[in-house]
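Observations on chain architecture
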Amino acid sequence: MVERRPFLTFIQHAVLILGAAMFVFPIYLAFVASTHTAAEVSGGVPLLPGAEMIRNYSLVLGEGISAAGAPPLWIMLMNSTIMALSITIGKIVISLLSAFAVVYFKFPFRMLAFWTIFVTLMLPVEVRILPTFEVVAQLGMLNSYAGLSIPLIASATATFLFRQFFMTVPDQLTEAARIDGAGPMKFFRDILLPLSRTNLAALFVILFIYGWNQYLWPLLVTTDESYYTIVMGIQRMANAGEETPQWHLIMATAILALLPPVVVILAMQRLFVRGLVEVEK
Amino acid sequence: MSNIQINNVRKTYPGGIDAIRGITLDIADGEFCVLVGPSGCGKSTLLRMIAGLETITDGSVSIGDRVVNDLEPAERDIAMVFQNYALYPHMTVYGNMAYGLKNRGVPKDKIKVMVDEAAATLGLSEFLTRKPAQLSGGQRQRVAMGRAIVRQPQAFLFDEPLSNLDAKLRLKTRVEIRDLQQRLGTTSIYVTHDQMEAMTLADQLVVLNDGAVEQVGTPIDVYNRPASVFVAEFIGSPPMNLMPGEIDESGLVTPAGVVAAPAGVRHGAVTIGIRPEHLHPASDGPLRLKVRVVEHLGASANAHGTVPGHAVEMIASLTGADLPAKGETLGLTVAAENLHLFDPETGRRLH
């Protein structure tokens, strides 16, 4: 809208600032809490950062909160990263290939295959979590990275999105590639994949955050501390039995747990923007 | 370079729809063959069958001395130019032209030589590093041409390559395509629904109707002696005037008047065809036209109107300064050799 009305501009900005503040405030509070001592936080979080930042962060990163039964933070961060990346990459690879198969190949029961995938969209993870746990336990995948990531890899959403995208790619492009002597996999690699680049970036961000934020599943399949992920680690710390939760350290952990998804978003956003600026048909 | 033989080719889609009902064509080496017809006549289907993008239900297609029915498109040694160009959007112009060669395992340095040469032929040298999105419609069309000629295939297949261009550019590109094809001497098949394009480009013109060949011949032959009412209506702009008539002892009785009948035509009911430019004004002419609209085209003018007392529409293409006004009744004559007579039942030519 091209409107020049100072009052409206003021209202618009006020609403935006208020909204942004509402979203940022809890994070700010967590950050502030992570820079104080336990004693200072226990009576209510002050509104200004304190002086204990370096000490708190080096404590959680290095030693972990032994009393809370959580391993050092860097292990949990690494576990989370491995899990989130395996889920993301696995989901993207599988859904790309299955969408490619469903859209470009004619085989018996093709639509049945697609609808089977599609129907699973309607089942949330929580519904199938018990049978999935049973299967994973029987396969001996408890307490392993495989157990953490493989059951979450199948993705109806991503398959569906890629299918929709592939269907918008003009048939004549496929035909031109056939005449140019590109076999199916070559066409997939040389043409379909580069064209999907912006979609890939978007999905990577969404799926990475999905993987990173997994809570219930890691909680179920890991009992070994060395496989704890950061999100469940925070929960462990908060429920530290008899003791008072060490809120200043928990908050420091939470802030650190925020960083990898933020990094992924920032990195991928560049690709996003580049994909949008180069208008390609 | 080689000839293309299409032998009694049929295409039946699942559900029993016959798209192509047995077409036989022989396209000589280096010939420019244009398939023309209204939409849905099967011209694109036939082209795609030659390209290998559609399966052939029955009959055979040979390129050179090979029957290509069961070969992949890439193995048929043809190149195709698509209506929407189908350029790979993420590749540069160079990449687009090189892709087919790369897939055939041509060494890199040789690819460069071939692409550079093709680009120079088409005046694309300065655009090689651009992406298709950064090119104009005409330039994209040339890249699509470049992708076809760079491989030096046995045949070019064109699927309405000019229909996305504006009128002026279409005219220019039409000449360029013809010029290029003559220079390279590559056998070409070109599909269009534009009869003007078909007339100007073709060595051999094939008029298709409803999955079958209506007429094959040089453009001038097809124009001068249309084999059926369908061809007569389709080829020529403005279209041929058609009206019912009858031949008896007095000559050819038309709704507009009686004229001398061409020799050797049986008596009885006929469909008469007269090209607008063959109608000449003559105050005592046997044909009458009540003028409704006059279109001035510069070099000539088209007088649209009806035959007085009949519902028959007629167009006369007139030259010269003395043009009729709206509402005037015009006297017209036509020479007997310029009459086309068709059987009203079958639509076939009678003489």
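Residues numbered from 1 in each chain as written. Chains lettered and ligands numbered in written order. Predicted model: local features only at pLDDT ≥ 70, side-chain atom pairs only at ≥ 80, totals over all residues. Heavy atoms only, no water.

**What to know about the domain arrangement of chain B**
Residue and element names in this part refer to chain B. Under the domain assignment used here, chain B contains domain 1 (4-234) and domain 2 (242-342). Distance between the C-alpha centres of domain 1 and domain 2: 39 Å. At the junction of the two partners, domain 1 supplies eight residues and domain 2 supplies six residues. Carbon and sulfur atoms make up 63% of the area that domain 1 and domain 2 hide from each other, which totals about 610 Å². (Domains from an automatic or database assignment. Contact = heavy atoms within 4.5 Å. Buried area = accessible area lost by both parts, 1.4 Å probe.)

**Here's the deal with the sheet that holds strand S5 (residues 66-67) of chain B**
Residue and element names in this part refer to chain B. With respect to topology, four strands assemble into an open sheet ordered S2-S1-S4-S5, the strand pairing being antiparallel. The outermost strands of the open sheet, each flanked by one partner alone, are strand S2 (17-27) and S5. Sheet analysis places strand S1 (residues 4-13) next to strand S4 (residues 58-63), joined by five bridges and oriented antiparallel. Directly across from Ile6, in S4, lies its bridge partner Val61. Contacting S1, S2 and S4, helix H1 (residues 43-51) crosses the sheet at an angle of about 115 degrees to S1. (Pairing = 2+ DSSP bridges. Helix = DSSP H or I, 4+ residues; strand = E, 2+ residues; numbered from the N terminus. Axes fitted to C-alpha atoms, helices over the stretch in contact; angles between N-to-C directions.)

**Quick word on the interface of chain A and chain B**
Each partner contributes to the interface: chain A provides 20 residues, whereas chain B provides 28 residues. Across the chain A/chain B interface, buried area totals approximately 2000 Å², and carbon plus sulfur atoms make up 52% of it. Summed over the shared surface of chain A and chain B, the result is three salt bridges. One salt bridge connects B:Arg48 with A:Glu175, and the closest N-O pair in it is separated by 2.7 Å. Counting the contacts that link chain A with chain B gives 13 residue pairs in polar contact (both at pLDDT 80 or more). For the side of chain A that touches chain B, the secondary-structure elements that each account for two or more residues are helix H9 (171-179) and helix H10 (184-195) of chain A. Ranked by residue count, the leading element in the side of chain A that touches chain B is H9(A), at seven residues. Within the side of chain A that touches chain B, the residues separate by chemical class into 10 nonpolar, two polar and eight charged. (Salt bridge = Lys/Arg side-chain N within 4 Å of Asp/Glu carboxyl O. Polar contact = N/O pair within 3.5 Å; in protein donor to acceptor, adjacent residues only side chain to side chain. Nonpolar A, V, L, I, M, F, W, Y, C, P; charged D, E, K, R; others polar.)

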